[in-house]
Structures are given as C-alpha cells and as structure tokens.
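A look at the structure
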Amino acid sequence: MNSFYMICAAIAAAAAGVLLAMLLVETLRRRRELWRNDILRRRYLHIVMFALYADDGAVPRFPMLRRAGVRLLLAETLAGVAAMTCGLDMTVLRRIVKAYGLDSWLLRRARRAQGYRRARYLALLASLPVDGAVAARVVRYGTSRNRSVRFQALLVRLAAEPMAVLRLLAEYAWPLTEAETAQIMALLRRGVLPVAYEPLVTSPSGNLRRVGLHIVRQFGIEEAEPLLLRMLADARTPELDAEALRTLCALRRPLIRREVRECVARMSASERRALIRCMVRENYSPRFLRRIFDDGECGYYETMVTTYKRCLA
Amino acid sequence: MQRILIASDDEFARELIRLALGGLGAEVRCSGCGEAMENLCARVLFDLVIVLRTAPFFCGRELIGRLRPEGLRRPAIYAVSWQQAESTVLSLLECGVDQYMTFPISLQRLRAKVADNLIRL
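Residues numbered from 1 in each chain as written. Chains lettered and ligands numbered in written order. Predicted model: local features only at pLDDT ≥ 70, side-chain atom pairs only at ≥ 80, totals over all residues. Heavy atoms only, no water.

Focus: the overall build of chain B
Counting its secondary structure elements, chain B contains five helices and five strands. Listing the helices and strands of chain B from first to last along the sequence gives β-α-β-α-β-α-β-α-β-α. Taken over the C-alpha trace, chain B has a radius of gyration of 13 Å; the compact-globule value for 121 residues is 14 Å, and the two agree within 12%. Taking the principal axes of its C-alpha atoms as reference, chain B extends roughly 35 × 30 × 25 Å. Of the contacts formed within chain B by residues at least 6 apart in sequence, a portion of 61% connects residues at least 24 apart. Of the roughly 5,900 Å² that chain B leaves accessible, carbon and sulfur atoms contribute 46%. Computing the positive centroid from 15 side-chain charges and the negative centroid from 14, chain B places the two 5 Å apart. (Helix = DSSP H or I, 4+ residues; strand = E, 2+ residues; numbered from the N terminus. Rg over C-alpha atoms; globule rule 2.2 N^0.38 Å. Contact = heavy atoms within 4.5 Å. Areas by Shrake-Rupley, 256 points an atom, 1.4 Å probe, with all protein chains shown as cover. Lys, Arg positive; Asp, Glu negative; His and termini not counted. Charge placed at Lys NZ, Arg CZ, Asp CG, Glu CD.)

The structure is reproduced here in structure tokens:
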C-alpha cells in the first residue's frame, strides 16, 4: 500500500513539475516576444521616420516581417504615426501600406475576427491611408450588431472618402455618442476631413448637426451664433438643443435671448442643472440668471460659484 | 551643445518626437514623466524640456519650479497633449509653460519652433 502511495506522490510531483516547467517556458516565451516587439516597434518607427524625411520614392524594407504578429506591429506603427501627426506627406505611408499589402491583410483579419477584435482591426485601418476600394469592402460592417464595429467601419469610409463625408455621416443611422464625435473630430484635426461648419449645423441630419456643433465649439467660431439661435428656435431635437446651448456657453455669447429662454423652459430639471454647471464653468455672471432660471436654480448656481464645487463643474 | 529633454510615459510618442528633432545639432534625451524627469533635470541643465502630457503640471508638485532653477529662464518648457480645452491651455501658460501644442502635431512646426528657441538662447 505504501509503495502505491509513493508512486502516486511521485506521479503528482512529476506532473506538477512538468506544469511548472511549461508555465516557465510560456512566461519566458511571452517575455521574449514582448522584448522583441518593443525592439521591432522602435526599429520600424525609425525606418518609417527616415523614409518620411528622405522621401526618395523607394519603399523601405522592414526586417522580420514574415514572423508571426510582426505585420500587426508595422500596421500599429504606421497607424500611430498617422494618428499622432498632421501635415505629413501621406504618399510615403500609402506606398508602404500598398507595398506590404497591409490594407488587405487587415481586412482579412477583420473578416476572420469578431466583436471588438474586429473593431480593433478596423480602427487600425481607419488610421492608415487607404483608398476607396478598401472603403467599399468595409461597407458590410456598417450594419454589424456591434456598435464599435459599425462606427469603426464608418471611420474607415470617412478616412478613405473625405469628399463623401457629409453623405456618409448623414446616412449613418445611429446617433453618434460624444466619444464617437470626438474620434471624428480627431480625423478632422489631422486634416482628413473638411472644416465647413455651416452645411453641418444647418443640416437636417442629427449626426451632421452634432459634428457641426463640435466644430463650432472646438474652433470658437463666434459667427455661428445666428445659426445656433435658429437651431434653438426650430426645436427639432431636444438633445441637440441642449448641445447648441452648451456651444453658446462655450463661445461665451450672451444668453439673454428669447430662443434661449424658450429652449431652457422646454428642458427637464436635470438638463437645466447640467446647463447651469456648464455656465458656471464658463464664468457667466449670476446677475442675469433670474430671467432664465427660477429661484432654486439661481441658488444652485450661486452655491456652485461660491464653493469649491466650481472646480468640479 | 544644447540639450533637449523629451518626457513622456508613452515610449512611442517620445521616440516619434525624438526622431522628429534629429539633426538640430542638440543633444536629445528622453525620460519618463514622473520623478525620472525631475531627477534628470536636477542633475543636468537642459535648454528645452518637452513634456508630452499635462497631468504632471496639475498634480500639485509645482513642476515648473522643480524643472527651472530659481532665477533662471532656462529650460524653456513645451507641453504637448491631446487636451484642447481653453481653460487647460490657459492654466498651463499661467503656470509657466512657454508653448502648448496639441496632438495630432505637425512635426515640421514643432521642429521649427524648437530650432527657433535654440537659436534665441
């Protein structure tokens, strides 16, 4: 019996040893891969930057590109350079993308992946300089059940077809969130999209108006004030009206207007408080508030101004 | 030789800016954003420090005072980040930052500004 126990213990010890060894090997392999990826990422960045500055028409050579996972590193490097910079000559990046087939490789990966992994490949594709053919191939993801996939597919199309931006945004059937609008604004700041706020703010499409309001806010376009007041007077979509009011606040325009009063009267209590916080942040004087808000809300405003809560508004 | 420090915890961004500033005839060094940057600035007098984040300026550690020795106008301090809010930019300029630029950044413009700053020193 004793020898049976001893054999069992020896087998268990051997199994534990094998598992530990496998774990160690896996950890070392992963660490080595991370180390290799760090070095390669730095090296690829050097090569890309050198190619950008040299611009001699040649396609640079990237070492170890056939190894597993390395093509993704190259795509990430190019996407990183394109996303963090503006005013670069995209011809060089486009040449690299074409020469190494990164666009079709990412499309293949996106087709095989699902959910957020697919969205990740599409996001990389949206940062790379791609052409209309790629945009046509991501149309199928525009109706995906995953919101992130749908939106990244839209971004790819926006980046590939900047002339069709108004049509694409108007056709997008789901209302854009703040985070999504911010990503579109990042494209705009890179110079990929045109900055013409007027057709956006006056458009019947909610998404276009939302992007237009962001542009007005971000670039401080005070000339847009009459358009914003007209938008408030039309009262077509309540959530966009609140955003138009916030835009007026961000521009620090006078708020004692009939359109503003009527819009504030239509708002719910929580929306009015959100607007008050926005006004506090933009340093509006509490003197004129009584014409827009009731006594309780004026008290809320004064409390926000006179206490530490102003910093949190 | 003039000295430039690029401080960021994002190695990719740090390297990108370092490569963009190559060939200016200045010694470019890189470090993380936290204590590593402060320690390096305590040991070496840089002509220009480029910080690729805004958080270190708002953490209550009086970063500018630590980077710039008492009575000196050096190092010039540039901040580059994704933040666009006017209040943030004004706060940074008020607390002593010389230039504020946002991502996505024009590398040519940054290079021109840095070259101009180095010539004026």
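Now that the structure has been shown, we can carry on.
A short note on the nonpolar core
In this structure, Leu158(A) and Ile50(B) are the most contacted members of the largest nonpolar core, which totals 126 residues. Setting aside residues no more than four positions away along its own chain, Ile50(B) makes contact with Ile4(B), Leu5(B), Ile6(B), Ala7(B), Ile17(B), Leu21(B), Tyr78(B), Val80(B) and Val114(B). (Core = buried A, V, L, I, M, F, W, Y, C linked by side-chain atoms within 4.5 Å. Buried < 20%, exposed > 50% of the residue type's maximum accessible area, 1.4 Å probe, protein only.)

Considering the interface of chain B and chain A
Of the residues lining the interface, 19 residues belong to chain B; the matching set on chain A comes to 20 residues. Interface area, chain B with chain A, both sides summed: about 1,800 Å², of which 65% is carbon and sulfur. The largest share of the area that chain B buries against chain A comes from Phe12(B), Leu19(B) and Pro104(B), three residues that together contribute 34% of it. Across the pair Arg42(A) and Glu11(B) runs a salt bridge whose closest N-O atoms are separated by 2.6 Å. The interface formed by chain B and chain A contains six residue pairs in polar contact (both at pLDDT 80 or more). Looking at the side of chain B that touches chain A, the elements with two or more residues in it are helix H1 (11-20) and helix H5 (107-120) of chain B. Of all the elements, H1(B) adds the most residues to the side of chain B that touches chain A, at eight residues. Of the residues belonging to the side of chain B that touches chain A, the class tally is ten nonpolar, four polar and five charged. (Buried area = accessible area lost by both parts, 1.4 Å probe. Salt bridge = Lys/Arg side-chain N within 4 Å of Asp/Glu carboxyl O. Polar contact = N/O pair within 3.5 Å; in protein donor to acceptor, adjacent residues only side chain to side chain. Nonpolar A, V, L, I, M, F, W, Y, C, P; charged D, E, K, R; others polar.)

Some details on helix H7 (residues 147-160) of chain A
Residues lying three or four places apart along an α-helix face the same way, a consequence of the helix completing one turn every 3.6 residues. All names here are of chain A. Between its first and last C-alpha, H7 extends 20 Å over 14 residues, near the 20 Å set by a 1.5 Å rise per residue. Along H7, twelve of the 14 residues are buried, which leaves the element largely enclosed by surrounding structure. Regarding H7, the residues found buried are Val149, Arg150, Phe151, Gln152, Ala153, Leu154, Leu155, Val156, Arg157, Leu158, Ala159 and Ala160. Looking at the buried side of H7, the elements it contacts are helix H5 (115-127), helix H6 (132-137), helix H8 (165-171) and helix H9 (178-189). Capping of H7 at its N-terminal end is provided by asparagine 146; its side-chain oxygen lies 2.8 Å from the backbone amide nitrogen of serine 148. (Expected span 1.5 Å × (residues − 1).)

Re the state of the cysteines
Under the defined criterion, the tally for this structure stands at zero disulfides over all chains. Cys298(A) forms no disulfide, and the closest cysteine sulfur to it belongs to Cys249(A), at a distance of 14 Å. Exposure remark for Cys298(A): the relative accessible area of 2% places this residue in the buried category. Sulfur of Cys30(B): no disulfide; nearest cysteine sulfur belongs to Cys33(B) and is 11 Å away. (Disulfide = S-S within 2.5 Å.)

As for the environment of Arg290(A)
Residues and elements named next belong to chain A. With respect to the helices, strands and loops of the structure, arginine 290 is situated in the loop between helix H15 (269-281) and helix H16 (295-306). Since its relative accessible area comes to 49%, arginine 290 is described here as partly exposed. With residues near it in sequence (within four places) discarded, arginine 290 still touches Asp295, Cys298 and Glu302.

Some thoughts on unusual backbone geometry
In the segment running from Phe103(B) into Pro104(B), the intervening peptide bond is cis, with an omega of -5°. Mapping Pro104(B) onto the fold places it in the loop between strand S5 (99-102) and H5. Even without a glycine there, the phi angle at Arg252(A) is positive, about 60°. Mapping Arg252(A) onto the fold places it in the loop between helix H13 (238-250) and helix H14 (258-266). Taking the relative accessible area as the measure of exposure, Arg252(A) reaches 40% and is therefore partly exposed.

With respect to the packing of aromatic side chains
Residues and elements named next belong to chain A. Per the stated rule, a full pass over the model turns up five aromatic pairs over all chains. Where tyrosine 44 meets phenylalanine 62, the ring centres are 5.2 Å apart and the plane angle is 80°; that geometry is what we call edge-to-face. Residue tyrosine 44 is found in helix H1 (residues 2-54), and its partner phenylalanine 62 is found in the loop between H1 and helix H2 (70-84); the two are separated by 18 residues along the sequence. The exposure classification of tyrosine 44 matches that of phenylalanine 62, with both residues buried. With centroids separated by 5.4 Å and ring planes inclined at 75°, the aromatic side chains of phenylalanine 62 and tyrosine 100 adopt a geometry described as edge-to-face. (Phe/Tyr/Trp six-rings, centres within 6.5 Å; stacked < 30°, edge-to-face > 60°.)

Considerations on the pattern of salt bridges
When their charged atoms lie close together, side chains carrying opposite charge are able to pair. Residue and element names in this part refer to chain A. Summed over all chains, the structure comprises 28 salt bridges over all chains. Salt-bridge contacts for arginine 258 lead to glutamate 262; the nearest nitrogen and oxygen are separated by 3.4 Å. Of this pair, arginine 258 and glutamate 262 both sit in helix H14, four residues apart, roughly one helical turn. Look at glutamate 262 and you get partly exposed, because its relative accessible area is 36%. Look at the salt bridges and you will find they share partners, linking Glu26, Arg29, Arg30 and Glu33 into a network.

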